[in-house]
Amino acid sequence: MTDLIRLENVEIGYEKAGLMDSINLAIESNQFWGILGPNGSGKTTLLKTILSLLPPISGEISLEHSLVFGYVPQNEKFDPIFPISVCEIVSMGRYSRVKPGKRLTLLDREIVTKSLDSVGISHLKDRTFRSLSGGEKQRTLLARAIAGEPDVLVLDEPTASVDIKGEAEIMELVKKIQAESKVAVLMVSHFLNTVSEYSDHLILIDKDSNIFQAGMKAEILKHGSLDTFFGLNLHPN
Amino acid sequence: METLNEFINSYFLWRDPMIVGAVTGAICGFLGVFVVLRRIIFVSATLTQISSFGVALSFYLESIGLALFSTLIGPFALSLILTSIAAAFYALKKDFSRISREGVIAFGFLIASGGVIILGDKITRGSHDIATILFGSAVVVDPMDVYLIPGIAVLVLIIHLVYFKDFIFISFDAESAQLFKYPVKRLNTLLLITVALVVAVATRALGALPVFALLALPPLSSLYLTEKLKLVFVFSAIIGVLSAVLGYFFSFVLSIPTGASIAVCASIFFVLALVWQGIRKG
């Protein structure tokens, strides 16, 4: 199977100030990657580097030709001053395939409708994004991401602003989307239980301790590295 | 009633300024929605001051005997060049090390305002011209503006018709736009250049105060009136037209400065929208 994303000896950071180097990673389709780390550990920097939103300081990032990302950012980042509807936001997901200056076609609109249906928010399509609950906002952003028919679904703390029930619903939805469309999923979280339950691959990152480990979930967990990573005794008995 | 009749009978006096004012109100109202949603209201205030500075500089160059320069680059052209440079600067430069963006905007506003007043003091044509640029007290407009302003408004509207979805996208979620390989910097610059173009031409015709008022207040009012994004643009353009037209009307019948009258009318619409929002929310 070919790699969708490959990082070779990559150093990540901002404006030539490196956070962490020697990062090697290969992501294939239909894999579910969880990125774990404490606050300020470099998770989002790694994610933005993979998404090409930040240039790597050194090393090489190879993306499969015409790779399409579906991105679910943290919903707090959106300015509530915009009276923008759920349908308008989900339509933006199609912009990955519609160039500037071009309009959405009838087919694009059908895909937007299907995306709204698949995450169960058709009844909210005319509501403003700012008026939604945390869980509804996440579903909207998820619908936007899948409307672009992505190869890789990237989620940045998707359950940060929802309760436990909402968290389970969002994660089941992500799992369902992955099973149906065989996309690769890349999810940042600092909730160990969520990540370890749903992912099959793990990345542990902490720039302060210079830790970067990536691999199959079982391997990462087997090494007992989580104990070191979180500074906790996770196996008291 | 008598005043109204007098106003109607004097239509030849106010027809041109009213046309210019109404078109300016519509296009500023429309563009102002982007200005308000992107939280760059004070960028627009700075652009109006820089535009005024361009006009004042052109007058000054003429007054010190550089008439040739003034002929080659007239007040409008000089104002447009300076305003476009400033717009491009604010669109492209987001991070200013150790200084807040607001600080840089304030710097632009203050240096342009100070420059206008200093140049006004030096211009032998008198301070009236400068007062006109700043506050829009002119009841008459240059006949050329009757064609120039609608022409520019149509051009700007065509650009926005083509790139409307893209301007909304980069304003709402620039990060995703970058991810989708949208030319975010170029689109940002194009958007602010359209604002600069309108500001440059409208400031020379109406003055800095009414142009700033028409860019800021109609969009703020319409955001209180509707929850639908496209309707915000429509309502804002309508309120812009009404503010300009009523501003001219009250200026004429009450013999008050036109620019200030337009700004006050736009403010009244804002207060009415605020009251409407209060009633609606119970």
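Residues numbered from 1 in each chain as written. Chains lettered and ligands numbered in written order. Predicted model: local features only at pLDDT ≥ 70, side-chain atom pairs only at ≥ 80, totals over all residues. Heavy atoms only, no water.

**Considering helix H13 (residues 258–280) of chain B**
All names here are of chain B. What counts here: Helix numbering and strand numbering both begin at the N terminus, where a helix is a DSSP run of H or I of at least 4 residues and a strand a DSSP run of E of at least 2. One less than the number of residues in a helix, times 1.5 Å, gives the span that helix is expected to have. The classification of residues rests on relative accessible area computed with a 1.4 Å probe and restricted to protein chains. Under 20% of the type maximum is buried, over 50% is exposed, and intermediate values are partly exposed.
In this model, H13 (23 residues) spans 33 Å end to end at C-alpha, consistent with the 33 Å of a helix rising 1.5 Å per residue. Taken together, the buried positions of H13 are Thr 258, Gly 259, Ser 261, Ile 262, Ala 263, Cys 265, Ala 266, Phe 269, Ala 273 and Gln 277. Positive phi shows up at Gly 282, right after H13, with a value of about 70°.

**Description of the sheet that holds strand S8 (residues 201–206) of chain A**
All names here are of chain A. The cut-off we apply is this: By the convention used here, strands pair only if DSSP detects at least 2 bridges between them. Structural elements are reduced to axes, namely lines fitted to C-alpha atoms, with helices fitted over the stretch in contact, and the angle between N-to-C directions of any two is expressed from 0 to 180 degrees.
Reading across from one edge, S5-S6-S7-S3-S8-S9 is the order of the six strands in this open sheet, with mixed pairing throughout. Two strands close off the open sheet at either side, each with one partner strand: strand S5 (69–72) and strand S9 (211–216). Recorded for the sheet is a direction-independent mean angle of 10° between the axes of neighbouring strands. Across five bridges, the pairing between strand S3 (residues 32–36) and strand S7 (residues 184–189) is parallel.

**Comments concerning the interface of chain A and chain B**
The extent of an interface is frequently quoted as the accessible surface area lost upon association of the parts. What counts, and what does not: Whether two residues are in contact is decided by their heavy atoms: any pair within 4.5 Å suffices. Defined here as a combined quantity, buried area equals the accessible surface (1.4 Å probe) lost by two parts on assembly, summed across both. For this analysis, a salt bridge means a side-chain nitrogen from Lys or Arg found within 4 Å of a carboxyl oxygen belonging to Asp or Glu. Within 3.5 Å is the distance limit for a polar contact, defined as a pair of N or O atoms, with the added protein rule that one can donate a hydrogen and the other accept it, and that residues adjacent in sequence qualify only through two side-chain atoms. Under the scheme applied, nonpolar residues are Ala, Val, Leu, Ile, Met, Phe, Trp, Tyr, Cys and Pro; charged residues are Asp, Glu, Lys and Arg; polar residues are all the others, including Gly.
Facing the 29 residues of chain A at the interface are 26 residues of chain B. The contact between chain A and chain B buries some 2,700 Å² in all, and 62% of this surface belongs to carbon and sulfur atoms. Our count for the chain A to chain B interface comes out at six salt bridges. Of the charged contacts, one joins Asp79(A) and Arg39(B) as a salt bridge, the two residues approaching to 2.5 Å between their closest N and O atoms. At the boundary of chain A and chain B, one finds 14 residue pairs in polar contact (both at pLDDT 80 or more). For the side of chain A that touches chain B, the secondary-structure elements that each account for two or more residues are S5 and helix H2 (86–92) of chain A. A per-class count over the side of chain A that touches chain B returns 14 nonpolar, five polar and ten charged.

**Things to note about the sheet that holds strand S2 (residues 17–28) of chain A**
Residue and element names in this part refer to chain A. Taken together, three strands build an open sheet; the order of strands is S2-S1-S4 and the sheet is antiparallel. The sheet is open, and its two edges are formed by S2 and strand S4 (58–63), each paired on a single side. Strand after strand, the sheet turns through a mean of 20° between neighbouring axes, direction not considered. Pairing of strand S1 (residues 3–14) with S4 involves five bridges; the strand directions are antiparallel. Bridging from a neighbouring strand, Glu 11 pairs with Ser 58 of S4. In the packing of helix H1 (residues 43–50) onto the sheet, contacts are made with S1, S2 and S4, and the angle to S1 comes to roughly 125°.

**Concerning the side chain of Ser41(A)**
Residues and elements named next belong to chain A. Counting through the fold element by element, Ser 41 comes out in the loop between S3 and H1. Classification of Ser 41 as buried rests on a relative accessible area of 1%. Side-chain polar atoms of Ser 41 contact the backbone oxygen of Ile 205, separated by 3.4 Å. Setting aside residues no more than four positions away along its own chain, Ser 41 makes contact with Ile 205, Asp 206 and Lys 207.

**Some points on empty space enclosed by the protein**
For the record, the criterion: Grid points spaced at 1 Å and placed over the protein atoms alone form the basis of the search, with a cavity being a set where a 1.4 Å probe fits but cannot get out and a pocket an open set showing protein on both sides within 12 Å along at least five of seven lines. Lining residues have an atom within 4 Å of a point. Grid points are joined across faces, edges and corners, and a volume is the space filled by probe spheres set on the points.
In the structure shown here, the tally under the stated rule is two cavities of 30 Å³ or more. Counting only elements with at least two residues in the lining of the largest cavity, the list comes to S5 and helix H4 (134–147) of chain A. Here the lining of the largest cavity gets three residues from one element, more than from any other, and that element is S5(A). The class makeup of the residues in the lining of the largest cavity is four nonpolar, three polar and one charged. Its volume calculated, the second largest cavity comes out at about 30 Å³. As for the second largest cavity, its lining consists of Thr24(B), Ile27(B), Ile149(B), Ile152(B), Ala153(B), Val198(B), Val201(B) and Ala202(B). At the level of elements, helix H2 (11–37), helix H8 (145–172) and helix H10 (184–206) of chain B are the ones that each hand at least two residues to the lining of the second largest cavity. Taken together, the residues of the lining of the second largest cavity break down into seven nonpolar, one polar and no charged.

**Re the confidence of the model for chain A**
Selection criterion: One confidence number per residue, pLDDT, is output by the predictor and ranges from 0 to 100.
The predicted model of chain A has a mean per-residue pLDDT of 88, with 93% of residues at 70 or higher. Looking over chain A, one finds the lowest element-wise mean pLDDT in helix H8 (residues 225–230) of chain A, namely 64, and the highest in H2(A), namely 97.

**Examining the layout of surface pockets**
Sizing a probe to match a water molecule and rolling it over the atoms shows the empty space that remains. Of the volumes computed, that of the second largest pocket is approximately 540 Å³. Lining of the second largest pocket is provided by 20 residues; of these, Tyr95(A), Arg109(A), Phe164(B), Lys165(B) and Lys230(B) occupy positions nearest its centre. Of all elements in the fold, only H2 of chain A together with H8 and helix H12 (229–254) of chain B reach the threshold of two or more residues within the lining of the second largest pocket. Looking at the lining of the second largest pocket element by element, the count peaks at seven residues for H8(B).

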